[in-house]
Amino acid sequence: MRKNLIDRTTSAKLFEEAKKYFPGGVNSPVRAFKSVSGPPLFIKKGEGCRITDEDNNVYIDFCCSWGPLILGHNNEAVRNYVTETVAKGTSFGTPTRLGNELGKMILENHAYIEKMRFVSSGTEAVMSALRLARGYTGKSKIIKFEGCYHGHVDALLVKAGSGLATFGVSTSAGVPEAVAGDTIVLPLDNDALLKEILEKYADDIAAVILEPIPANNGLLLQRPCWLKDLRELTRKLNILLIFDEVISGFRVSFEGAAGNYVIQPDILTYGKIIGGGMPVGAYAASAEIMSHIAPEGDVYQAGTLSANPVAMAAGFATCQQLLRPGFYENLESKTTNFISRILNYSGKKGYEISIPQAGSIFWFAFTREKITRADQIQSESMDKFKILHHELLQRGVYLGPSGYEVGFVSAAHTEADLEEAAQKICDCLDIVFR
Ligand SMILES: *Cc1c(COP(=O)(O)O)cnc(C)c1O
């Protein structure tokens with residue numbers, strides 16, 4: 001272990017206090033730093049690509065609040081629009097002009113959706129999308145894939161039972177087996193099994209849900225033709241296809257993975273970036289499918305703080321900047337340069353590492369094998385990540401505290417910031433592979 005460890009005294013103290021108030025001291029499990037070393041950092045401030053903790057350590061941040069902050073921290077236009085809006089009151093429980101403005105901007109710039117509904121989190125968006133799919137089709141079973149995460153929705157906190165393709169068993173206490181049993185869990189990237197199961201249960205399956213760019217369990221880049229086959233097959237069998245784009249939406253392009261792959265799913269879910277750092281989610285579809293939502297239709301879904309003006313202002317000021325010409329090209333090429341620096345170095349050194357990338361999303365895979373399924377990730381690689389994470393913290397680079405989590409580059413990361421971070425990552429890889 002290196003000497004001169006960063007001082008985490010204040011974070012450690014605050015964490016001890018937090019344990020008195022919150023289970024495990026946190027309000028979302030991964031924040032507890034269980035799979036990396038030391039107490040979690042209590043962050044007090046963010047500016048651009050950097051965050052500052054309560055002990056005044058500064059880090060280049062690649063977690064970016066788990067994805068929402070595509071413009072970096074404390075973006076000036078977002079801050080200004082939010083403070084201007086908040087000065088007029090935070091929520092009215094009525095329709096607002098700002099809701100219209102964000103809805104219009106999104107729908108006019110996305111080829112595959114005609115109507116949408118704002119909610120307050122990604123989980124809520126997914127939960128509502130499943131209800132809509134079930135209400136629309138009159139069927140009850142759902143297919144999900146091992147290695148995709150969709151928030152803490154009961155029906156999706158499920159893993160495959162024994163055997164290759166089976167009805168799910170819950171991965172959390174408190175999820176009734178009856179609920180888990182309505183979900184079928186399949187491995188990603190397996191054409192034959194997918195076809196077999198879809199055809200066998202077509203009359204019972206309301207929807208297939210997946211992250212088209214699975215980015216919650218490593219970055220499991222899928223073959224576009226596999227995704228296209230899934231689209232064709234579900235259409236043929238009258239099963240709805242749901243793209244959960246809570247991470248990929250507005251991240252890989254304004255139209256997300258659907259736009260990049262040129263695949264039109266039936267329902268799309270959003271979160272993270274859509275709220276520009278405020279709690280917002282959304283689900284969207286054709287006008288025909290969305291007409292089944294109350295009060296137009298008979299699928300009930302509501303929200304006290306849905307589309308509140310402050311959240312809409314943050315989303316609007318964010319999305320407006322994403323629509324500037326070259327925004328995504330620039331972000332992607334910066335990310336590619338960053339990754340190339342690290343890969344060139346680790347290639348020369350012969351380190352067993354690859355860095356899958358989707359636009360400004362990246363992931364450290366401690367293998368050279370191409371990984372498309374969750375079961376290909378070796379749990380030993382997480383020991384390597386733990387060292388990397390620890391050493392990077394010592395040098396002022398912050399990655400999300402789990403080796404299964406992806407990293408994000410934001411528009412606020414300059415070429416110089418990325419060069420600095422890449423150099424530090426290379427230094428740390430020397431320690432990881434020592
Ligand atoms: C983050 C995420 C969710 C859950 O969103 P929350 O806002 O945390 O509820 C759902 N699906 C995907 C793909 C996500 O990345």
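Please read all numbers here as calculations on a predicted model, not as lab measurements.

A. A look at the site of the ligand. Every residue lining the ligand is accounted for by Ser121, Gly122, Thr123, Tyr149, His150, Gly151, Glu211, Asn216, Asp244, Val246, Ile247 and Lys272. In this structure, Gly122 approaches the ligand through a main-chain N or O atom, which is 2.9 Å from an oxygen atom. Contact distances for the ligand include 2.7 Å between a nitrogen atom and a side-chain N or O atom of Asp244. Among the residues making up the shell around the ligand, the classes are represented as three nonpolar, six polar and three charged.

B. Seen up close, helix α11 (residues 327-349). Between its terminal C-alpha atoms α11 stretches 34 Å, which fits the 33 Å expected from 23 residues at 1.5 Å a residue. Taken together, the buried positions of α11 are Phe327, Tyr328, Leu331, Lys334, Thr335, Phe338, Ile339, Ile342 and Ser346. Those residues of α11 that are buried are in contact with α10 (309-322), β13 (357-358), β14 (361-362) and α13 (415-432). Positive phi shows up at Gly350, right after α11, with a value of about 75 degrees.

C. The side chain of Thr269, seen in detail. Assignment of secondary structure puts Thr269 in strand β11 (residues 267-270). At 3.0 Å, the side chain of Thr269 forms a polar contact with the side chain of Asp244. Among residues more than four places away in sequence, those in contact with Thr269 are Ala125, Val126, Ala129, Ile242, Phe243, Asp244, Glu245, Val246, Ala282 and Tyr283.

D. Unusual backbone geometry, seen in detail. Of note, the bond from Ala294 into Pro295 is cis; its omega dihedral lies within 30 degrees of zero at 10 degrees. Among the structural elements, Pro295 can be located in the loop between α9 (287-290) and α10. One non-glycine residue, Asn74, lies in positive phi territory at about 55 degrees. Look at Asn74 and you get partly exposed, because its relative accessible area is 35%. For Phe250, which is not a glycine, the phi torsion comes out positive at approximately 65 degrees. Within the secondary structure layout, Phe250 lies in the loop between β10 (240-244) and α8 (256-261). What makes Phe250 buried here is its relative accessible area of 0%.

Calculation notes
- Within any chain, residue numbers begin from 1 and follow the written order of that chain's sequence.
- Totals for whole chains, interfaces and linings use all residues, but because this is a predicted model, local features are given only for residues with pLDDT of at least 70 and pairs of side-chain atoms are given and counted only at 80 or more.
- Heavy atoms throughout the structure, all of them, feed into the side-chain values; hydrogens and water do not.
- The nearness test applies per residue and asks whether one of its heavy atoms lies within 4 Å of the molecule or strand.
- As used in this structure description, the phrase polar contact means that two N or O atoms lie within 3.5 Å; if the pair is within protein, one of them must be able to donate a hydrogen and the other to accept it, and residues adjacent in sequence are counted only when both atoms belong to side chains.
- Polar here means any residue other than Ala, Val, Leu, Ile, Met, Phe, Trp, Tyr, Cys and Pro, which are nonpolar, and Asp, Glu, Lys and Arg, which are charged; Gly is therefore polar.
- Helix and strand labels come from DSSP, where a helix needs a run of H or I of at least four residues and a strand needs a run of E of at least two; each type is numbered from the N terminus.
- By this rule the span expected of a helix is its residue count minus one, scaled by 1.5 Å.
- Buried residues are those whose accessible area, probed at 1.4 Å on protein chains only, stays under 20% of the maximum for their type, while exposed residues exceed 50% and partly exposed ones sit between those limits.
- The contact criterion used throughout is that any non-hydrogen atoms of two residues lie within 4.5 Å.

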